[in-house]
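Report on the structure
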Amino acid sequence: MTAAFPAPAWFEALGRLMEAESENFRRLGFAEMRFCVRVLDDTIGAVETATGVTIEGYRVGRAVAGDDLAAFDPDFVIVGRRAVWQRLLDEIARDGRPQPRRTLNSLVLVGDELWLESSDQLREDKFYRYNQTLQEMFNLAAKLPD
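What counts, and where the lines are drawn
- Residues numbered from 1 in each chain as written.
- Predicted model: local features only at pLDDT ≥ 70, side-chain atom pairs only at ≥ 80, totals over all residues.
- Heavy atoms only, no water.
- Helix = DSSP H or I, 4+ residues; strand = E, 2+ residues; numbered from the N terminus.
- Rg over C-alpha atoms; globule rule 2.2 N^0.38 Å.
- Axes fitted to C-alpha atoms, helices over the stretch in contact; angles between N-to-C directions.
- Parallel < 35°, antiparallel > 145°, perpendicular 65-115°, else oblique.
- Contact = heavy atoms within 4.5 Å.
- Nonpolar A, V, L, I, M, F, W, Y, C, P; charged D, E, K, R; others polar.
- Salt bridge = Lys/Arg side-chain N within 4 Å of Asp/Glu carboxyl O.
- Buried < 20%, exposed > 50% of the residue type's maximum accessible area, 1.4 Å probe, protein only.
- Core = buried A, V, L, I, M, F, W, Y, C linked by side-chain atoms within 4.5 Å.

1. Some remarks on the overall build of the protein
Helices and strands together make up the secondary structure of the protein, namely 7 helices and 5 strands. When the elements of the protein are put in sequence order from the N terminus, they spell out α-α-β-β-β-α-β-α-α-β-α-α. For 146 residues, the compact-globule estimate of 2.2 N^0.38 gives 15 Å, and the C-alpha radius of gyration of the protein, at 14 Å, lies within 12% of that figure. Principal-axis analysis of the C-alpha atoms places the extent of the protein at approximately 40 × 35 × 30 Å.

2. Observations regarding the packing of helix H4 (residues 82-95) against helix H7 (residues 131-139)
The geometry of H4 relative to H7 is characterised by a closest axis approach of 9 Å and an angle of 70° between their N-to-C directions. Of the possible angle classes, the one that applies to H4 and H7 is roughly perpendicular. Here Trp-85, Leu-89 and Ile-92 of H4 lie close against H7, whose contacting residues are Gln-135, Phe-138 and Asn-139. Partitioned by chemical class, the residues of the contact of H4 with H7 number 4 nonpolar, 2 polar and no charged.

3. With respect to the pattern of salt bridges
Enumeration according to the criterion identifies 13 salt bridges in this entry. In this structure, Arg-82 engages Asp-41 in a salt bridge whose closest nitrogen and oxygen atoms are separated by 3.9 Å. Residue Arg-82 is found in helix H4, and its partner Asp-41 is found in the loop between strand S1 (31-40) and strand S2 (49-57); the two are separated by 41 residues along the sequence. With relative accessibility at 25%, the residue Asp-41 sits in the partly exposed group. A salt bridge links Asp-75 to Arg-123; its shortest N-O distance comes to 2.7 Å. Here Asp-75, found in the loop between helix H3 (69-72) and strand S4 (76-81), pairs with Arg-123, found in helix H6 (residues 121-129); they are 48 residues apart in sequence, far enough to count as distant.

4. Considerations on unusual backbone geometry
With an omega dihedral of 5°, the bond running from Phe-5 to Pro-6 counts as a cis peptide bond. Of note, Asp-73 is a non-glycine position whose phi angle comes to about 55°, a positive value.

5. What to know about the nonpolar core
Counting 37 residues, the largest nonpolar core has Phe-11, Phe-35, Ile-78, Trp-85, Leu-134, Met-137 and Phe-138 as the members making the most contacts within it. The element best represented in this core is helix H1 (residues 8-20), accounting for 6 residues. Residues in contact with Phe-35, not counting those within four places in the same chain, are Thr-51, Gly-52, Val-53, Ile-55, Phe-72, Pro-74, Phe-76, Ile-78, Leu-134 and Met-137. Ranked by size, the runner-up nonpolar core spans 7 residues in total, among them Cys-36, Leu-40, Phe-72 and Val-77.

No statement about biological role is implied by the geometric values presented.
Right, dumping it as structure tokens:
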């Protein structure tokens, strides 16, 4: 059984799948980024959850609980409500990928369901530069055991 999203173990499991399918990621190109996924709970007053992840080349370097985002120093943070993340992951589980208007990139561009936070525009640009790598990594969630 795999840990639940967005636990570090969930991203580590995706990292193992990335390594198993490294040729697909090599085709997309080298990626180097530090990012966090922050999940806002839908219940008022509930604690949010965050995980910091590094992608080094064609693999997940590490994933850590994001208790202190400033110490992790991410290039960008992808933020959204739990229901939005769950819908994205449900579509991936069902179809192997989300609908075109529900990809990470599409949702961030619209900005009302997922959005980016960053203290540096050049570092935030890594999301756009490597978004296909991120999406393909998330799409591997379809292969995670229940």
